[in-house]
Amino acid sequence: MRRHLLCVALVATLSACGAAEPTWAPDEAVAKARYVHDGPPAITLFTVISTRNGSGAHAGLMINGSQRIMFDPAGSWKLPRLAERNDVHFGMTDKMVNFYIDYHARETYYVVEQTKIVSPEAAQLAMQRAMSYGAVPKAHCTDAVSTILRGVPGFETLPHTWFPKKLMEEFGKLPGVTERKITDDDADDNHGVLLVQAGDPRLVEQDAAAAQ
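Residues numbered from 1 in each chain as written. Predicted model: local features only at pLDDT ≥ 70, side-chain atom pairs only at ≥ 80, totals over all residues. Heavy atoms only, no water.

(A) Focus on the packing of aromatic side chains. In this structure the tally under the stated criterion is 4 aromatic pairs. Relative to Y100, the ring of W77 lies with its centre 5.1 Å away and its plane at 85°, an arrangement referred to as edge-to-face. Residue W77 is found in the loop between β3 (68–71) and β4 (84–85), and its partner Y100 is found in helix α2 (residues 94–104); the two are separated by 23 residues along the sequence. Classification of W77 as buried rests on a relative accessible area of 1%. Among the aromatic residues, ring-to-ring pairing joins F46, W77 and Y100 into one connected group. (Phe/Tyr/Trp six-rings, centres within 6.5 Å; stacked < 30°, edge-to-face > 60°. Helix = DSSP H or I, 4+ residues; strand = E, 2+ residues; numbered from the N terminus. Buried < 20%, exposed > 50% of the residue type's maximum accessible area, 1.4 Å probe, protein only.)

Structure, rendered in structure tokens:
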């Protein structure tokens, strides 16, 4: 997979769900970052799996409703250009989703993306629950994601669990779920450490191309 250039001030290694601190972007930043995707209302579960032993390392939740957000509980993925409020990232364009996947996929981890189309009401409820959940402590990523999902119509059968792979397996049993596996052969020592300045011409070219 081609290494994306816009990895700014990222942590070099992926711990089991990383560490989290309360973050609260101002209203203006959240409003500016807001992105409305033209696809159907949907809930997407991302699960990071170790290529060494098959264990689950992290879980994140993308919700496409009145806007598209990423709930990345206790995650180490950060992009300064995105507004964040307590593990909820606003402004999840297709390019930002690709950055999210590329950050987690490497020679030691792969990513499983599972998507379920839902009603607008279900998407909005999931979004509200994610936004009101609060900052998530280290190693509580799947605890948080499963707690949010179990309160949303269509996801009542999901268990409350602390294990990313368990949640992934149960999510996959839901009706209508589509799934794909994303792999990457990037080495760990070359992961998440590209620092691209705001004036870098490569970044300008990417943004210009995305705007066309």
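The rest of the description comes next.
(B) Molecular detail of the environment of E21. Mapped onto the secondary structure, E21 falls in the segment before α1 (27–33). The exposure class assigned to E21 is exposed, which follows from its relative accessible area of 61%. Each C-alpha atom, one on E21 and one on A74, is 8.0 Å from the other, the two residues being 53 residues apart in sequence.

(C) A look at the pattern of salt bridges. Within this structure, the stated rule accounts for 6 salt bridges. Residue R68 pairs with D94 through a salt bridge whose shortest N-O separation is 2.7 Å. A residue pair is termed long-range when its members are at least 10 positions apart, and R68 in strand β3 and D94 in helix α2 qualify at 26 residues. Among the residues examined, R68 registers a relative accessible area of 5% and is labelled buried. Under the relative-accessibility criterion, D94 is labelled partly exposed at 42%. The salt bridge partner of K78 is E84, with a shortest N-O separation of 3.0 Å. (Salt bridge = Lys/Arg side-chain N within 4 Å of Asp/Glu carboxyl O.)

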